[in-house]
Amino acid sequence: MKKERGWIKRVFIDIDEYHETMTSPERYRRFRRTLFLVMTTTFLVPLIMTTWLSYYEYRSMMLTNLRWNAESAKRTIETFLTELQTVLAYTADGRTFEELVDQENLKNIYHHLKLNYPGVVDLGIIDHDGIQQAYAGPFDLLGKDYSDRECFKVVTVSKTYIGRVEMGYRKVPHFCIAVSGFNSDTSQSWVFRTSIDATTLDKYIGKTGTGALSDIFLVAWKGERQLQSSSRYYGPPLSIYPFDLPENRHGITISEELNVRDDVVLTAVAYLEGTPWALVLLKEGYLYGKDWSFFKARLFFIVLATTVLALLVIFQITNLFVGRIREADEKRETMLAEIEHTSKLASIGRLAAGVAHEINNPLAIISAKTGLVMDLLDLSEDFKYKEKIASEIRGTSDAVERCKVITHRLLGFARRMDVSLESININNLMREVLSFLDQEALYRGIHVDLNLGDSLPVIESDRGQLQQIFLNLVNNAIDAIGKDGKVTITTKKRDKNSIQVDVIDNGRGMTPEIMNHIFEPFFTTKDSGEKKGTGLGLFITYGLAKKLGGHISVRSSVGVGSTFTVILPTKITLSRRAPDVESEGPGR
Amino acid sequence: MSKVKVLVVDDEKDFATTLAERLNIRGFETTAVFCTEDALALIHARNIPDVVLLDLKMPRMDGMETLKEIKKYNPAIEVIILTGHGAGVPLTGIDRGKHGAFDCVMKPADINELTVKINQAMIKKGNAKI
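Owing to the predicted nature of the structure, the values given are computational and were not obtained by experimental measurement. (Residues numbered from 1 in each chain as written. Chains lettered and ligands numbered in written order. Predicted model: local features only at pLDDT ≥ 70, side-chain atom pairs only at ≥ 80, totals over all residues.)

### A look at the overall build of chain A
The helix and strand tally for chain A stands at 12 helices and 16 strands. Expressed as a percentage of the 588 residues in chain A, the buried residues total 31%. Taking contacts inside chain A between residues at least 6 apart in sequence as the whole, the part at least 24 apart equals 63%. (Helix = DSSP H or I, 4+ residues; strand = E, 2+ residues; numbered from the N terminus. Buried ≥ 20, exposed ≤ 12 C-beta atoms within 10 Å, placed from the backbone. Contact = placed C-beta atoms within 7 Å.)

The following block contains the structure:
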């Protein structure tokens with residue numbers, strides 16, 4: 001399993017290696033390339049293997065068919081020849097030389113034979129000197145001398161003979177079958193021979209040949225390899241067969257030759273027992289008479305078309321797949337950034353709480369001591385520097401007060417806040433919040449316009465924290481205006497699961513640079529006047545909104561005003577709660 | 001009319017003594033102790049304060065335990081928690097009803113706010129002495 005993971009890791013991308021540039025285009029290019037290659041290989045290897053197997057299976061099937069055809073044809077011709085030989089031998093055995101040389105007898109035999117075997121051309125009896133003593137047939141061959149003919153010479157020795165196709169005295173292609181007999185009275189042998197029309201062989205071969213074969217013919221294996229029957233490719237009998245015949249005379253030899261059109265042709269050669277002939281079967285590659293090269297072209301076309309189609313599909317799938325992964329990665333990155341921000345908030349919160357807490361105690365001492373000094377000053381009579389001392393002490397007290405605001409805000413952000421959920425009508429909550437700020441707004445000549453939506457859903461949230469969020473936002477709006485202006489608060493249902501509150505002011509507005517930083521801690525624009533900002537208001541507000549499963553965004557333009565939009569869920573689900581920002585219990 | 005007896009319990013000696021002094025100036029009879037053991041010892045010695053200003057985090061025994069002890073001994077003693085933690089809003093983590101603290105004031109506390117709280121506690125006792 002480990003090994004497999006390593007392999008996959010090597011083929012695909014090591015995520016760690018690309019962590020820094022997780023969404024870099026190069027990563028996806030590489031991923032797309034690898035995926036494409038892997039998918040293509042996965043598809044093409046089986047396709048090529050199947051094609052290759054089909055091709056060779058097909059070829060081996062053709063070879064088997066050819067072998068069967070060759071065996072069948074060989075058997076048919078051998079049977080025919082053996083039958084003829086047997087008929088001749090039987091006829092010769094049952095009669096004496098004298099009976100056979102009787103012309104009438106011989107003619108009778110000839111007619112009977114011709115009835116059964118139409119290919120028989122003639123019959124003849126040759127005496128031991130090689131002179132044809134009797135003849136039945138269409139030619140005038142009585143008295144012809146055969147003593148120097150191969151037929152005569154061989155048959156007197158081997159008792160039977162089948163000759164090659166030749167023209168001979170008859171000037172038509174024929175072959176000769178002969179058997180020898182023995183005259184016991186004269187102790188002399190004689191020869192009984194018949195000529196068979198070579199076209200008979202064509203007929204027999206034609207019977208054995210099937211439509212699957214391209215050509216089938218006989219070749220004389222001795223001498224010049226003359227055709228013994230007609231061939232589609234190589235011409236009529238006695239034409240020359242251009243190829244060598246195999247050495248092996250037993251069984252069937254199959255080889256590949258090129259035909260006149262340079263196509264590969266399968267050739268089966270079988271030597272016929274007891275004859276000077278070899279049977280040759282030719283088969284062009286494709287089963288049932290079609291062209292082999294056409295078959296190959298078709299196979300190639302199918303493979304090519306399938307491959308092109310597959311490549312297109314793979315390309316599309318790869319693109320889609322990588323695109324989806326890229327989208328998912330980008331989403332994940334955004335989420336990671338969000339989580340990072342939230343955890344940054346939490347860390348800052350913890351740090352701030354720690355610092356504030358530690359500062360609070362010495363601050364309390366300073367506050368108490370300055371307070372006591374003021375008390376004592378109040379109790380004492382006038383002395384030279386009383387007023388001066390009182391003024392300095394007040395300065396110290398003011399400074400302590402400012403520190404106190406900061407530490408209290410920090411602690412407010414970071415203190416353990418067990419979110420206590422209750423059903424809240426956001427419109428009522430906004431009215432409550434405004435009741436705190438009415439006086440301030442009135443004093444500054446700011447008109448607050450409440451534009452509350454009807455039939456808003458009751459939301460489940462923390463009342464105290466929501467109050468703090470909107471107090472901060474409305475307070476900021478008032479500060480942004482300064483004097484004489486308008487703050488508009490609108491509430492509305494956003495969708496089934498959330499509501500939206502907008503706090504709109506027509507104050508001085510913000511530049512994009514400022515907007516980028518307003519939610520960061522200790523960033524403030526209220527740097528002058530008596531209401532100096534701590535830079536924590538919006539930071540805390542942002543954290544609270546997140547904690548309540550909501551979100552704050554801002555739109556602003558300089559001189560026109562700002563709109564803070566708070567989106568709040570109608571129900572806080574556990575997964576949407578931000579991590580608690582504080583880990584310490586209540587302290588001193 | 002006898003003065004309201006206030007007991008300040010805080011391990012920050014400077015803070016405790018200064019606060020006691022300021023309260024005394026304002027007419028309370030204030031004692032400062034710097035650990036919970038001393039506070040409990042004082043109470044057990046029948047020196048019963050009307051109001052206790054109690055810091056929460058102290059060595060050995062913390063404020064919450066001390067609060068429980070005090071209330072166990074004498075529920076009439078009102079306790080105001082003084083804490084450096086909690087951001088000026090009531091501590092939701094502390095169930096005041098359960099442990100019986102009267103209120104909670106953030107450090108650094110404003111002396112006037114503290115005086116008001118002590119007086120409110122006394123009103124609750126039904127025995128306003130000032």
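This is not the end of the story, as more comes after the structure.
### Overview of the overall build of chain B
Across its full length, chain B holds five helices and five strands. Order of helices (α) and strands (β) in chain B, N terminus to C terminus: β-α-β-α-β-α-β-α-β-α. Within the span of chain B, comprising 130 residues, buried residues form 43% of the whole. Here the analysis covers contacts within chain B between residues at least 6 apart in sequence; of these, 60% occur between residues at least 24 apart.

### What to know about the sheet that holds strand β2 (residues 132-136) of chain A
Residues and elements named next belong to chain A. Overall, antiparallel pairing links the five strands, which are arranged β2-β1-β5-β4-β3 in an open sheet. In this open sheet, the two edge strands, each paired with only one partner strand, are β2 and β3 (160-162). The sheet shows a mean angle of 15° between the axes of neighbouring strands, taken without regard to direction. Across 10 bridges, strand β4 (residues 174-183) lies against strand β5 (residues 188-197) in antiparallel orientation. The residue of β5 that forms the bridge with Asn183 is Gln188. Its contacts with the sheet put helix α2 (residues 25-93) on β3, β4 and β5, and the angle it makes with β4 is roughly 30°. Where helix α4 (residues 103-116) meets the sheet, its contacts fall on β1 (120-126) and β2, and the angle it forms with β1 comes to roughly 150°. (Pairing = 2+ DSSP bridges. Axes fitted to C-alpha atoms, helices over the stretch in contact; angles between N-to-C directions.)

### Focus: helix α12 (residues 537-547) of chain A
In an α-helix, one full turn covers 3.6 residues, which means residues spaced three or four apart are oriented alike. Residue and element names in this part refer to chain A. Here α12 lies mainly inside the structure; 11 of its 11 residues are buried. Those residues of α12 lying buried are Gly537, Leu538, Phe539, Ile540, Thr541, Tyr542, Gly543, Leu544, Ala545, Lys546 and Lys547. Backbone geometry just after α12 places Gly549 at a positive phi near 80°.

### A short note on the sheet that holds strand β3 (residues 51-55) of chain B
To summarise the sheet geometry, strands pair through backbone hydrogen bonds and adopt either a parallel or an antiparallel arrangement. Residue and element names in this part refer to chain B. Strand order across the open sheet formed by five strands is β2-β1-β3-β4-β5, with parallel pairing between neighbours. Lying at the two open borders of the sheet, with one neighbouring strand each, are β2 (29-33) and β5 (103-106). Sheet twist, expressed as the average angle between the axes of neighbouring strands with direction ignored, equals 20°. Here helix α2 (residues 36-44) sits on the sheet in contact with β1 (5-9) and β2, set at roughly 155° to β1. Across the sheet, helix α3 (residues 63-73) touches β1, β3 and β4 (78-83), and the angle it forms with β3 is around 160°.

### Points about the nonpolar core
By size, the foremost hydrophobic cluster in this structure holds 62 residues, and its most contacted members are Ala178, Val219, Ala278, Leu279 and Leu281 of chain A. Apart from the residues lying within four places of it in its own chain, the contact partners of Leu281 of chain A are Leu66, Asn69, Ala70, Ala73, Leu213, Ile216 and Ala268 of chain A. (Core = buried A, V, L, I, M, F, W, Y, C linked by C-beta atoms within 7 Å.)

### Notes on the packing of helix α10 (residues 463-481) of chain A against α12 of chain A
All names here are of chain A. Closest axis-to-axis distance for the α10/α12 pair is 9 Å, and the angle between their directions is 145°. Crossing of α10 over α12 shows left-handed handedness. Contacts from Gln465, Gln468, Ile469, Asn472, Leu473 and Asn476 in α10 reach Gly537, Leu538, Thr541, Leu544, Ala545 and Lys547 in α12. Here the contact of α10 with α12 is composed, by residue class, of five nonpolar, six polar and one charged. (Left-handed = near helix turned anticlockwise from the far one by under 90°. Nonpolar A, V, L, I, M, F, W, Y, C, P; charged D, E, K, R; others polar.)

### Focus: the packing of α2 of chain B against α3 of chain B
Residue and element names in this part refer to chain B. Where α2 meets α3, the closest approach of the two axes is 11 Å, and the angle between their N-to-C directions is 5°. Classified by the angle between their axes, α2 and α3 sit roughly parallel to one another. Residue-level inspection shows Thr36, Ala39, Leu40 and Ile43 of α2 in contact with α3, the latter providing Thr66, Glu69, Ile70 and Tyr73. The class makeup of the residues in the contact of α2 with α3 is five nonpolar, two polar and one charged. (Parallel < 35°, antiparallel > 145°, perpendicular 65-115°, else oblique.)

### Concerning unusual backbone geometry
For Asp484 of chain A, which is not a glycine, the phi torsion comes out positive at approximately 50°. Along the polypeptide, Asp484 of chain A turns up in the loop between α10 and β13 (485-495). Taking the C-beta count within 10 Å as the criterion, Asp484 of chain A has 10 such neighbours and is therefore assigned exposed. With phi around 65°, Arg60 of chain B is a residue other than glycine that occupies positive phi space. With respect to the helices, strands and loops of the structure, Arg60 of chain B is situated in the loop between β3 and α3. With 9 C-beta atoms counted inside 10 Å, the residue Arg60 of chain B sits in the exposed group.

### Remarks on the confidence of the model for chain B
Residue and element names in this part refer to chain B. Averaged over every residue, the pLDDT of chain B is 82; residues scoring 70 or more account for 85%. Under a pLDDT of 50 for its full length, residues 87-97 has, in the predicted model, 21 contacts with residues more than four places off or in other chains. Model confidence for the complex is summarised by a pTM of 0.45, with the ipTM given as 0.84. (pLDDT = per-residue confidence, 0-100.)

### Side note on the environment of Tyr271 of chain A
Residues and elements named next belong to chain A. When you line up the elements, Tyr271 lands in strand β8 (residues 264-271). Each C-alpha atom, one on Tyr271 and one on Thr253, is 9.3 Å from the other, the two residues being 18 residues apart in sequence. Among residues more than four places away in sequence, those in contact with Tyr271 are Trp221, Arg249 and Ala278.

### Considerations on the pairing of β13 of chain A
Two faces, one strand: in a regular strand the side chains alternate between the faces of the sheet. Residue and element names in this part refer to chain A. Where strand β11 (residues 446-452) and β13 come together, seven bridges link them in parallel fashion. Looking at the pairing, His447 lines up with Lys486 of β13. In this structure, β13 lies alongside strand β14 (residues 498-505), joined through eight bridges in antiparallel fashion. In the sheet register, Lys493 faces β14, and the bridge partner there is Ile499. Linking β13 back to β14 in an antiparallel pair, the connection comprises two residues.

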